[in-house]
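The primary structure of each chain is shown beneath.
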Amino acid sequence: MAYGPGTHSGSEIWKAVLIFLTLLAAVVTGAGSAEAASCAYSSGSWANTALSQSQGSTFRVTYDATPSSSSINAVGGLSSGSAEQYSDLAAAVRFNPNRTIDVRNGSNFTAAVNIAYQAGVTYHFILDVNVSNHTYNAYVVVLFRQITLGSNLAFRSEQSSASVLSNVGVMSSAGALGVCNVTLASSPTTVAGSPSPLIANVSSLNFGGTGLAGTAQQTVTLTNRGSSSITISGVSVSGAGFTASGSASGLIVSPNQSVSVYATFTPFTIGNLMGSLTITSNAKNSPATIALYGTGVSSATHSVALTWNSSNSAVAGYNVYVSSSSNGPFSLLNSSPVPTTSYVDTSVLAGDTYYFRITSVNSSYQESAPSATVQATIP
């Protein structure tokens, strides 16, 4: 592995060549009313946060969960009061010691798809609950896709007669787990009548001149202008240098509610660039397409440029990690999947030393082991 200083349009850039495989867990949040401004954090003891209203019929609850390491033993779930033991949870999602995510179904844990989790990555969960039937569906959002963890799951055996759920309980017996952004909403239902339109506030975005490897971000607001709910099924971006984040694939936009999608422009070449942002849904005007324009211009800031060989296997994107120490801890740099085999970190400072490594994602959403660590010292 070789790297060295170079010059790119006035920039001092270090280049590294890496080979590997990656998983990215895109974190997405949805519309609704947040139930708690603070987070429930567990490391060896129970943590609880109450829902603003007790739920006795059908409802949807979403939350974000972040494991402290890639091998913990932790659960988060719903109970009828403050949870003090595992049997208090009627519905539960677990980060298991085998490094995958599963859900409670009666007397056992199960999972429809084997999804590995990573330390420090935030995962967005959706639970659609039917208290009367004592069942629920569980989903996790990965790479802008809503993945089913289980359908028609039975409440835990000890809670098979529960009539009300009013609390989110969290317990990590090994490692730590934080649960934040608990959001309560009506359960998704089929609404009679004509499909609603999903209207964007703009038809195009122009990022203007952006420094090479710099970043510019703009927001697209999508509003349900009809009388029936709309389910967003996907967000995609085309065009070199353009990415998107902040959308929740699979989440429901109720009438007159809005959701934001953040488009980001990070040019790696000088010149005019074009792309598009596409939001697919069950809206009558789907897909909604936003034209993207931007110009890459020369930049004189310090930066580190990483490049790597593409994998022979299918990958969904790449994650780039950085640390100030070769022993870590490493922090994730990209907020959404890196679609190409290159990345430029423009946050580096003169005189500092940085350590980089990369991972990759296969079609089963499993993240590979990190690549070799590469060092870059900024003059």
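See above for the structure.
Bear in mind the structure is a predicted one, so any value in this text is a computation, not a measurement. (Residues numbered from 1 in each chain as written. Predicted model: local features only at pLDDT ≥ 70, side-chain atom pairs only at ≥ 80, totals over all residues. Heavy atoms only, no water.)

Undergrad: An account of the overall build of the chain is requested, with residue identities and associated values reported.
TA: Per the secondary structure count, the chain includes zero helices and 30 strands. Residue pairs at least 24 apart in sequence account for 71% of intrachain contacts in the chain once pairs closer than 6 positions are excluded. Total accessible area on the chain stands at roughly 15800 Å², and carbon and sulfur atoms take up 47% of it. (Helix = DSSP H or I, 4+ residues; strand = E, 2+ residues; numbered from the N terminus. Contact = heavy atoms within 4.5 Å. Areas by Shrake-Rupley, 256 points an atom, 1.4 Å probe, with all protein chains shown as cover.)

Undergrad: If you had to explain the pattern of salt bridges to someone new, which residues and values would you point to?
TA: Side chains that carry opposite charge are capable of pairing whenever their charged atoms lie near each other. Applying the stated rule across the entire model yields three salt bridges. One salt bridge connects R60 with D128, and the closest N-O pair in it is separated by 2.6 Å. Pair noted here: R60 is in strand β6 (residues 58-67) and D128 is in strand β11 (residues 123-130), with a separation of 68 residues, a long-range link. Look at R60 and you get buried, because its relative accessible area is 8%. In this structure, D102 and R94 form a salt bridge, with 2.7 Å as the shortest nitrogen-oxygen distance. (Salt bridge = Lys/Arg side-chain N within 4 Å of Asp/Glu carboxyl O. Buried < 20%, exposed > 50% of the residue type's maximum accessible area, 1.4 Å probe, protein only.)

Undergrad: A description of the side chain of S196 should follow, citing residues and the corresponding values.
TA: Along the polypeptide, S196 turns up in the loop between β15 (177-186) and β16 (198-200). A residue is classified by how much of its surface remains accessible, and S196, at 2% relative accessible area, is buried. Once you skip the residues sitting within four places of it in the chain, S196 turns out to touch N224, G226, S227, S228, I230, A283, K284 and N285.

Undergrad: An account of unusual backbone geometry is requested, with residue identities and associated values reported.
TA: Looking along the chain, the bond that leaves S286 and enters P287 is cis, with omega of 0°. Topologically, P287 is positioned in the loop between β23 (271-281) and β24 (288-297). With omega at 5°, the peptide bond leading from G328 into P329 counts as cis. Here P329 lies in the loop between β26 (318-323) and β27 (331-332). A positive phi angle, near 75°, is found at R99, a position not held by glycine. Here R99 lies in the loop between β8 (89-95) and β9 (100-105). Given the relative accessible area of 45%, R99 is considered partly exposed. Despite not being glycine, H134 shows a phi value in the positive range, around 60°. Mapped onto the secondary structure, H134 falls in the loop between β11 and β12 (135-142).

Undergrad: Would you mind going over the sheet that holds β9 in detail, with residue names and values included?
TA: Spatially, six strands are ordered β5-β14-β7-β8-β9-β10 in an open sheet, and the strand pairing comes out antiparallel. In the strand order of this sheet, the two ends are held by β5 (47-55) and β10 (108-116), each with one partner. Looking at each pair of strands side by side, their axes are set apart by 20° on average, direction ignored. Sheet topology note: the strand β7 (residues 73-79)/strand β14 (residues 165-174) ladder contains seven bridges and is antiparallel. When the bridges of β14 are listed, G76 appears paired with V170. (Pairing = 2+ DSSP bridges. Axes fitted to C-alpha atoms, helices over the stretch in contact; angles between N-to-C directions.)

Undergrad: So, the packing of aromatic side chains: which residues are in play, and what are the values?
TA: Within the structure shown, the criterion is met by eleven aromatic pairs. Linked through ring pairs, Y63, F95, Y117, Y123 and F125 together constitute an aromatic cluster. Over the aromatic face of F109 sits the side chain of R94, whose NZ or CZ is 4.1 Å from the ring centroid. Lying across the ring of F330, R357 places its NZ or CZ 4.0 Å from the centre. (Phe/Tyr/Trp six-rings, centres within 6.5 Å; stacked < 30°, edge-to-face > 60°. Lys NZ or Arg CZ within 6 Å of the ring centre and 35° of its normal.)

Undergrad: Hey, could you go over the pairing of β9 for me, with residue numbers and the actual values?
TA: The side chains of a regular strand alternate, residue by residue, between the two faces of the sheet. The buried count for β9 comes to five of six residues, which makes it a mostly enclosed element. Strand direction decides the pairing type here: β9 and β10, joined by five bridges, are antiparallel. Bridge pairing in β10 places I101 opposite I115. What sits between the antiparallel neighbours β9 and β10 is a turn of two residues, in which G106 has the positive phi angle 65°.

Undergrad: Provide a residue-level description of the nonpolar core, including the pertinent values.
TA: Formed by 43 residues in total, the largest nonpolar core has its most connected members in F95, I101, F125, L127, V129 and Y136. Ignoring sequence-local partners within four residues, the contact set of F125 consists of V61, T62, Y63, A65, V93, F95, I101, Y139, V140 and L149. Counting residues in hydrophobic clusters, the runner-up holds 22 residues, among them F207, V220, F242 and A263. (Core = buried A, V, L, I, M, F, W, Y, C linked by side-chain atoms within 4.5 Å.)

Undergrad: For the sheet that holds strand β18 (residues 216-224), give the residues involved together with the corresponding values.
TA: If you walk across this open sheet you meet the four strands as β16-β18-β22-β20, and the pairing is antiparallel. Either end of the sheet is taken by a strand with one partner, and the two such strands are β16 and β20 (242-245). Within this sheet the neighbouring strands show an average axis-to-axis angle of 30°, counted without direction.

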